[in-house]
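Overview (structure and organization)
Below, each chain spelled out in residue letters.
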Amino acid sequence: MTEQQAELIPPLTVLTEDETLLRDSVRQFAQDRIRPHVQEMDEHAKIPRALIDELFDLGVMGIEVPETYGGGGGRFFHAVLAVEEFSAVDPSIGVLVDVQNTLCVNALLRWGSDDLKRRYLPALASHSVGAYALSEAGSGSDAFALAARARDQGDHFVLDGRKLWITNANEADVFLVFATVNPEAGYRGITAFVVERGVEGFAVGKKEDKLGIRASSTCELLLDGCKVPRANVLGEVGKGYKVAIETLNEGRIGIGAQMIGLARGALDHAVKYTKERKQFGKAIAEFQGVQFQLARAAVDLEAARLTVYNAARLRDAGKPFLTEAAICKIFSSEVAEHVSSLALNLFGGYGFVRDYPVEKLYRDAKIGQIYEGTSNLQLVTIAKQMLG
Ligand SMILES: Cc1cc2nc3c(=O)[nH]c(=O)nc-3n(C[C@H](O)[C@H](O)[C@H](O)COP(=O)(O)OP(=O)(O)OC[C@H]3O[C@@H](n4cnc5c(N)ncnc54)[C@H](O)[C@@H]3O)c2cc1C
């Protein structure tokens with residue numbers, strides 16, 4: 001291979017100049033502006049609006065929004081890097097940024113009419129938080145069994161039903177809501193709508209009290225005669241299943257990024273602590289038993305990062321990435337769970353109390369195996385691709 005050819009095929013983890021710039025600015029912001037508030041946000045189960053405004057100022061809420069609409073004009077990989085960096089400090093901020101970019105902005109960019117793009121992308125890039133509402137009490141893994149109804153009234157639709165588990169719902173102004181125009185048609189009735197907070201018949205309901213990512217809001221949505229203009233159909237009537245499938249296929253790479261960020265955060269804490277903590281007259285990091293545990297965690301984290309970066313770069317290159325995205329999500333969430341568990345163990349009793357950061361990361365890790373398709377559903381996808 002010539003030197004020139006080698007330059008054309010950079011290693012997966014080598015970042016371009018603009019990727020490095022974004023990663024460094026998010027890393028710095030997360031250290032300076034988020035870390036001091038992590039514990040308080042977790043305890044109060046709330047992200048202060050002022051901090052969300054700072055995220056908009058930083059330019060991370062519309063990473064892929066074209067510059068003509070006031071966004072960052074970046075790629076999906078940039079969003080993945082940002083989610084990873086935020087999640088190393090606080091996975092709640094990680095998921096806020098993730099849902100905004102990899103689900104809401106992503107769906108609007110791909111499926112939105114020019115009119116929808118013009119009306120919503122500048123807002124999402126500058127001040128409006130987005131939420132993505134597919135799940136219901138009776139339909140989670142079997143998402144297309146959803147029951148929320150959309151009745152066609154000509155120039156508008158009327159939505160009725162309830163959505164459950166909606167991330168960012170407390171803060172969001174713009175909701176992508178999935179409902180069916182014809183329950184008998186199965187998945188072919190599903191339609192995606194852009195719904196604004198404050199429209200008649202729309203309300204944000206109960207906020208869940210959660211094990212982890214507590215600062216990230218997760219709420220019910222109540223649709224009771226909710227009037228949505230026809231112009232706010234995202235994609236085509238009856239093709240909402242495509243909007244959902246395609247955005248979630250990409251979104252789960254973002255969850256992979258959240259999980260590798262979390263694992264890195266936990267491992268960094270463990271490395272620092274084991275070098276400081278003394279038992280038997282020396283730092284516990286000097287025990288080979290501890291060194292091997294840390295090294296094994298580094299092996300897993302590196303492998304997980306490669307699966308995430310590969311899936312994201314495949315997506316940006318326009319290559320198939322379905323299996324790779326499922327692999328990155330299932331693997332990264334397992335790595336996040338056991339690396340954060342190891343970090344907690346290495347803190348000993350101090351790991352078990354809230355004064356130290358690792359118990360929170362351990363609690364936060366669990367969600368990676370549940371949302372945007374449980375681990376079993378990732379296995380279903382991988383097996384389907386293998387077996388045809
Ligand atoms: C904190 C949080 C945030 C969320 N955010 C959002 C959001 O923003 N938007 C949104 O739309 N949804 C959101 N969700 C919902 C989430 O995507 C669902 O909870 C998830 O898809 C699982 O659905 P379920 O809870 O109904 O579980 P179920 O589908 O009932 O699954 C229960 C168990 O059965 C297993 N299972 C189900 N079907 C199969 C199968 N075919 N083969 C093998 N095993 C199977 C699952 O793996 C799981 O272990 C969120 C959930 C949480 C907890």
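Here's what I pulled together on the structure shown here. Computed from a predicted model, the values in this text were never measured in an experiment.

Mapped onto the fold, Ser141 is located in the loop between β1 (130-133) and β2 (149-152). In the structure, Ser141 is positioned 39 residues away from Thr102 in sequence and 19 Å away in space, judged by C-alpha atoms. Look past the residues within four positions of Ser141 in its chain and what remains in contact with it is Thr374 and Leu377.

For the rest of this paragraph, the subject is the pairing of strand β3 (residues 156-167). Where β2 and β3 come together, four bridges link them in antiparallel fashion. Across the sheet, the residue bridging to Asp152 is Phe157, located in β3. One ladder, built from 10 bridges, connects β3 with strand β7 (residues 218-229); its direction is antiparallel. Residue pairing across strands places Arg162 opposite Leu222, the latter belonging to β7.

With that settled, the discussion passes to the site of the ligand. Contacts to the ligand come from 18 residues, most closely from Tyr132, Ser135, Ser141, Trp165 and Thr374. Ser141 is positioned such that a nitrogen or oxygen atom in its side chain is 2.6 Å from an oxygen atom of the ligand. Contacts to the ligand include Asn376, whose side-chain N or O atom sits 3.0 Å from a nitrogen atom. Contact with the protein chains hides 64% of the accessible area of the ligand, taken as 980 Å² for the molecule alone. Breaking the shell around the ligand down by element, the ones donating at least two residues are β1, β3 and α12 (375-387). Sorting elements by how many residues they give to the shell around the ligand places β3 first, with three residues.

What follows covers a nonpolar patch on the surface. A contiguous nonpolar patch, built from Tyr350, Phe352, Val353 and Tyr356 and spanning about 410 Å² of accessible area, is present on the exposed surface. Mapping Phe352 onto the fold places it in the loop between α10 (322-346) and α11 (358-365). Judged by its relative accessible area of 68%, Phe352 is exposed.

Analysis parameters
Residues numbered from 1 in each chain as written. Predicted model: local features only at pLDDT ≥ 70, side-chain atom pairs only at ≥ 80, totals over all residues. Heavy atoms only, no water. Helix = DSSP H or I, 4+ residues; strand = E, 2+ residues; numbered from the N terminus. Contact = heavy atoms within 4.5 Å. Pairing = 2+ DSSP bridges. Near = heavy atom within 4 Å. Polar contact = N/O pair within 3.5 Å; in protein donor to acceptor, adjacent residues only side chain to side chain. Areas by Shrake-Rupley, 256 points an atom, 1.4 Å probe, with all protein chains shown as cover. Patch = residues over 30% accessible without salt bridge, like charges linked within 9 Å, V, L, I, M, F, W, Y side chains within 5 Å. Salt bridge = Lys/Arg side-chain N within 4 Å of Asp/Glu carboxyl O. Buried < 20%, exposed > 50% of the residue type's maximum accessible area, 1.4 Å probe, protein only.

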